Number of protein chains: 2
Amino acid sequence: MTDALSPTSQSSPPPAAAAPGEPTAGGLLTAHLTAQAGAFLRALPSLRGEHGGRPGEADEQTGDLLRCVRRVGGALHTFAPAVEAGWAQELRDELRWLLDLLTQEPACNRRLARLLGALDSLTGAAAPDRLPAQRGDERQAATGMLAGHPGAAKARALLERQLTVVRARVHTSALQELRSARLHALADRMTLLTGEVPLAVPSDTPADEVLLPGAAAALRALARSAEALPLLRVGAAYNGDALHRLRAEAPLPDADSALGTDDAPWLRVRILAKRARYALEVCGPLLAGQATVTATRLAALGRVLDRHQEAADAAATAAAAARTPRITPATAYVLGVLHADQRLEVEAARYGFGRQWQELSASAGAEWPLL
Amino acid sequence: MTDALSPTSQSSPPPAAAAPGEPTAGGLLTAHLTAQAGAFLRALPSLRGEHGGRPGEADEQTGDLLRCVRRVGGALHTFAPAVEAGWAQELRDELRWLLDLLTQEPACNRRLARLLGALDSLTGAAAPDRLPAQRGDERQAATGMLAGHPGAAKARALLERQLTVVRARVHTSALQELRSARLHALADRMTLLTGEVPLAVPSDTPADEVLLPGAAAALRALARSAEALPLLRVGAAYNGDALHRLRAEAPLPDADSALGTDDAPWLRVRILAKRARYALEVCGPLLAGQATVTATRLAALGRVLDRHQEAADAAATAAAAARTPRITPATAYVLGVLHADQRLEVEAARYGFGRQWQELSASAGAEWPLL
């Protein structure tokens, strides 16, 4: 991983001392990280089964906790020159472990919901009011590609069975790991973080000498990766010639979550987009509303990249399910259509990304001459 | 079928006599139809196996012959009030018979080529130089959705086998029908047409009193049908949510060429676009270059609608092949992907149509105030 900050930090003059009342890098970073650590600790009981009785409260708390985990991890990466390196790396590793642990089961649920929802749409079983508002006659004409297909119910049952097994496995393993000493140790680290952030810059370093270049570097890293994507190709709707051009999985991926090499740069851009968004949040007090459009567009970009990832993941799942021994040809056929459907969703997300990216880089350039 | 001309011809004042030197309706129609009939007769030997020895000459001649058949049929329909009704209807019926007879085998060849080409692209077997020019790194990344899939070769063999059987059947039946007295009778009718066109208007009726309203009515009939299509939906690339929204075949079509009810209005628009194009050709001498952009765009519209029809047809063929008894699940899976691929091509053609239609109606409105 290239440290996107290096060129900037090397070429910057040594930081001057902050004038009295001017925000310092340490002050802003500490305020951000301690607030996130506090929120993390408040949400932690959900993981220990100690949450309140209100239905859904545990899921909400886990969501809050994941938001903190992502923000702390992102800040430690983006503003690495400002924090003590060894400490930051250790904490990031532990946060990554927790993130992986906690996102698997929800991802599994979303994947199943996505695949079954797609199947329902393809068979025409989806309620017509889910369709966008259109003229009545257009609605009535809606029949799915797989309407009445004998393989649809079997494919549905197969996917439900396989994903339920996967979900049970990740659930059990997550429960075990959450009971380990590793979570206690991470909670201890976060408790310390609510009090003090180990800084690597003098305490009077002005915030805009360190944090703005860091955030700008995060945006530039995103821009570099985004512009290396085949935006020209995906920018033409349907690529001129159908699925032929959908570069999907590498030949025969053998794990159910295997994603194609073609997907990898997009998944990487998704991470960079999140990091850039979190970096702008940290710099919020310095920007005085200067980058609000950029921040909004980064959030939208993140959503389209989430959709990209989930569709790629679902496509790989459908392809893997089709390799289950002894399924019927009708089931396999339906899974083929479903695989193609989800790869098309991938392509649609890429198309959406291309359009959003143009708007984002325009607004970022206009709002933030630092870039 | 609504006779699009009726309102116009009823509301027009009785045609005045053409001034000397002014083109007459009968004169222009006769010139057009006799020229087409002559070209038909010159191309006819190809159907009787009497063509010259140059390779491909028979196919070229058959192509020429079909062009004449379509133009004569289109003119007789569009300018129906100007020609003797009973005669025109009989000739149109015979031309339709010949058209159906001669287009089946080439359609079968194109369908096979389209399906095998799509399979090759999906498996990555297509030559990379078939891809549009892009940056080198984008090209290298090309791997098909079905790369290395064990069902691809079987699906290929199945489609080849089935379509070869269909082709042999239509070939044999076409050969038989072409040896019948029906073709001789049609040739006789066309020979008569090279001499005289049975007109239903006085010989001094000015051309622009009859032919321009006819062509305008053909364009209006196209516009009415085109604007009844779900252009709003197909105008959003990818329809926002993937194949779910592709309304394809009616449930389980049982013939290999069965097209969905959803496809029918598009296939109808294809015929209307051809008719409008031929009508403008007849009116060429009256328009003095006035509708050249419209004519060019009608031709492009026809190509995108041809692609629509061929993809819809290929999708139905893939779906039908997947219902072959005793195929392997891998074969069925590949056919599912292929079906979805071709339905996506249908959707891409509709999207292309929507964009082209906007341009066409703008230029037709600007070029031709008659509309």
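In the block above lies the structure referred to throughout.
Structure report, in brief. The structure displayed is predicted, hence computed values, not measured ones.

Definitions and limits used
- Residues numbered from 1 in each chain as written.
- Chains lettered and ligands numbered in written order.
- Predicted model: local features only at pLDDT ≥ 70, side-chain atom pairs only at ≥ 80, totals over all residues.
- Heavy atoms only, no water.
- Helix = DSSP H or I, 4+ residues; strand = E, 2+ residues; numbered from the N terminus.
- Buried < 20%, exposed > 50% of the residue type's maximum accessible area, 1.4 Å probe, protein only.
- Contact = heavy atoms within 4.5 Å.
- Areas by Shrake-Rupley, 256 points an atom, 1.4 Å probe, with all protein chains shown as cover.
- Polar contact = N/O pair within 3.5 Å; in protein donor to acceptor, adjacent residues only side chain to side chain.
- Axes fitted to C-alpha atoms, helices over the stretch in contact; angles between N-to-C directions.
- Parallel < 35°, antiparallel > 145°, perpendicular 65-115°, else oblique.
- Left-handed = near helix turned anticlockwise from the far one by under 90°.
- Phe/Tyr/Trp six-rings, centres within 6.5 Å; stacked < 30°, edge-to-face > 60°.
- Salt bridge = Lys/Arg side-chain N within 4 Å of Asp/Glu carboxyl O.

Tallying secondary structure elements over chain A gives 12 helices and 0 strands in all. Counting across all 371 residues of chain A, residues that qualify as buried make up 52%. Long-range pairs, those at least 24 residues apart, make up 84% of the contacts in chain A between residues at least 6 apart in sequence. Taken as a whole, chain A presents about 16,000 Å² of accessible surface, with 55% of it coming from carbon and sulfur.

So, on to the side chain of serine 363 of chain A. All names here are of chain A. Mapping serine 363 onto the fold places it in helix H12 (residues 329-367). With a relative accessible area of 8%, serine 363 lands in the buried category. Only 3.1 Å separates the side chain of serine 363 from the backbone oxygen of leucine 360, close enough to count as a polar contact. Residues contacting serine 363, with those up to four places away along its chain left out, are Val293, Thr294 and Arg297.

A word on the packing of helix H2 (residues 25-43) of chain B against helix H3 (residues 57-78) of chain B. Residue and element names in this part refer to chain B. Put simply, H2 and H3 touch, their axes get as near as 8 Å, and they point 150° apart. As summarised for this structure, H2 and H3 are arranged roughly antiparallel, according to the angle between their axes. Judged by the sense of rotation from one axis to the other, the crossing of H2 with H3 is left-handed. Of H3, the residues touching H2 (which contributes His32, Leu33, Gln36, Ala39, Phe40, Arg42 and Ala43) are Gln61, Asp64, Leu65, Arg67, Cys68, Val69, Arg71, Val72, Ala75 and Leu76.

On inspection of all chains with the given rule, the structure shows 4 aromatic pairs over all chains. Taken together, a centroid distance of 5.5 Å and an interplanar angle of 80° make the contact between tryptophan 266 of chain A and phenylalanine 353 of chain A edge-to-face. Linking tryptophan 266 of chain A in helix H10 (residues 264-287) with phenylalanine 353 of chain A in helix H12, this pair joins segments that are 87 residues apart in sequence. Phenylalanine 353 of chain A shares its class with tryptophan 266 of chain A; the two are buried. Summarising the aromatic geometry, the rings of phenylalanine 353 of chain B and tryptophan 357 of chain B are spaced 6.2 Å apart at their centres and angled 5° between planes, so their arrangement reads as stacked. Taken as a pair, phenylalanine 353 of chain B and tryptophan 357 of chain B lie in helix H12 (residues 329-367) at a separation of 4 residues, close to a single helical turn.

Time to look at the environment of tyrosine 278 of chain A. Residue and element names in this part refer to chain A. By the secondary structure assignment, tyrosine 278 is in helix H10. With 218 residues separating them along the chain, tyrosine 278 and glutamate 60 place their C-alpha atoms 20 Å apart. Here tyrosine 278 is in contact with Arg70, Arg71 and Gly74, once residues within four sequence places are set aside.

On the secondary structure map, histidine 77 of chain B appears in helix H3. According to the relative accessible area criterion, histidine 77 of chain B is buried, its value standing at 16%.

A few words now on unusual backbone geometry. Residues and elements named next belong to chain A. The phi torsion at alanine 288 lies on the positive side, around 45°, for a residue other than glycine. With respect to the helices and strands, the residue alanine 288 is situated in the loop between H10 and helix H11 (292-321). Owing to a relative accessible area of 73%, alanine 288 belongs among the exposed residues under this scheme. One non-glycine residue with positive phi stands out, namely arginine 326, at about 65°.

Bringing the pattern of salt bridges into the picture now. All names here are of chain A. Within the structure shown, the criterion is met by 32 salt bridges over all chains. Among the salt bridges present, the one from arginine 270 reaches aspartate 306, with a minimum N-O distance of 2.7 Å. Of this pair, arginine 270 sits in helix H10 while aspartate 306 sits in helix H11, and the two are 36 residues apart along the sequence. Residue class for arginine 270 comes out buried when judged on its relative accessible area of 15%. What makes aspartate 306 partly exposed here is its relative accessible area of 24%. Look at the salt bridges and you will find they share partners, linking Asp262, Asp263, Arg343 and Arg350 into a network.

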